[in-house]
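# Analysis of the macromolecular model
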Amino acid sequence: MTPNRKHTWIVGHDGSDGADHAVDWAIAQAMGREVELTLLRAWQPQALDVPMQNVSVDAFAPKWVCRNIDEITRQASINDTVLTQRIVQGAPSQSLLEASESASMVVLGSRGRGGFRRLLLGSVSSQCATHARVPTVVVPRSATADVPVRRIVVGLDGSERSRLALDWAMDFASPVATILVVGAWMPSRSGYVAVVQHYTNELDEARDRFNEILDGIETDAGRTMFERRFAFADPAATLLEAGDAADLVVVGQRGHSGLGAALLGSVSTHVLHRSNVPVAIVPDGD
């Protein structure tokens, strides 16, 4: 993130503890950056609660809409972060996506008020990660939320989307942060028998592409805090394992294995649903 540019981060808040956790994370990351946080609270009224014409929207809002706003504002001011609140009437997912059009990032909890307990990722978080045109960070309850990111793991599979994910991570990282770039290759299960006899060449080619990309980026960026790891292993499992020792995992919306119609590839989806640390999903910008 360019230090001298001002950015707006949209933080979705539905009054849940998970949303509070996401706000804590956003405030901690905003420290030292020219960032404005917009706390967006979207709600859909019941049929009998539809506001009449010329009546303020928040006059009919449920109690959770105003929950913790004073404490959140105080916390932001302590960290010298500009924070505003917007209350809108509409579907949360659509409201967040519309607000993100004029923002540089969306931050959400992994599961809010409407999430079923058996689901690891709520529908709002999933929709935003899949369809937002700006990076979406999903913060699970298991993550440490009140400290700045110091170690970032980025998945790189050689695709353009993974390159964009790495570019974003470099831009977002503070000067003292470490970026671990992770690559992994494994033959598909369906083609394993046919490929296994030649996997050494395939693996070497994938590793060479991985290192060639990073060599060029390191030369261009002059960054000294790069680490790299390439493995003959399942990509999603490798990223999750590396992420356990990190503060943030960054992936592209869709990599080499993603179908054309799928905005979230299988690796991104698996990491998003299973990570114990915040995950940033970086779109391709189209």
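The structure this text deals with has already been given above.
Let me sum up the structure you'll find in this document. Everything quoted here is computed from the prediction, not taken from an experiment.

### Things to note about helix 2 (residues 69-78)
In an α-helix, one turn spans 3.6 residues; hence positions three or four apart end up facing the same way. Here helix 2 has its buried residues at I69, I72 and A76. Each buried residue of helix 2 lies within a common arc of 65° when the element is viewed along its axis, so the set occupies one face. Residues of helix 2 that are exposed and point over 90 degrees away from its buried face: D70 and I78. Buried positions along helix 2 lie against helix 1 (17-30), strand 2 (35-43) and strand 3 (82-89). D80 occupies a position one or two residues after helix 2 and carries a positive phi of about 60°.

### Quick notes on the packing of aromatic side chains
Applying the stated criterion across every chain, the model contains 5 aromatic pairs. Note on F210 and F230: the rings are 5.3 Å apart at their centroids and 50° apart in plane angle, and the pair reads as tilted. Here F210, found in helix 7 (residues 199-221), pairs with F230, found in strand 8 (residues 226-231); they are 20 residues apart in sequence, far enough to count as distant. In this pair, the class of F210 matches that of F230, namely buried.

### Re the pattern of salt bridges
Considering all chains together, one arrives at 5 salt bridges under this definition. Between E227 and R151 there is a salt bridge, with the nearest N and O atoms lying 2.9 Å from each other. You can see E227 sitting in strand 8 and its partner R151 sitting in strand 6 (residues 151-155), a full 76 residues away along the chain. E227 gets classed as partly exposed once you look at its relative accessible area, which sits at 34%. Salt-bridge contacts for D284 lead to R161; the nearest nitrogen and oxygen are separated by 2.8 Å. In this pair, D284 sits in the segment after strand 10 (279-282) while R161 sits in helix 5 (residues 160-172), placing the two residues 123 residues apart along the sequence. With relative accessibility at 22%, the residue D284 sits in the partly exposed group.

### A look at the nonpolar core
Counting residues in hydrophobic clusters, the biggest one holds 47 residues, and the most contacted among them are W25, L37, I152, W168, F172, L248 and V250. When residues no more than four places from it in sequence are discounted, the contact partners of L37 are W9, V11, A26, I27, A30, T81, V82, L83 and T84.

Reading guide: rules and limits
Residues numbered from 1 in each chain as written. Predicted model: local features only at pLDDT ≥ 70, side-chain atom pairs only at ≥ 80, totals over all residues. Heavy atoms only, no water. Buried < 20%, exposed > 50% of the residue type's maximum accessible area, 1.4 Å probe, protein only. Helix = DSSP H or I, 4+ residues; strand = E, 2+ residues; numbered from the N terminus. Arc of directions from axis to C-beta. Contact = heavy atoms within 4.5 Å. Phe/Tyr/Trp six-rings, centres within 6.5 Å; stacked < 30°, edge-to-face > 60°. Salt bridge = Lys/Arg side-chain N within 4 Å of Asp/Glu carboxyl O. Core = buried A, V, L, I, M, F, W, Y, C linked by side-chain atoms within 4.5 Å.

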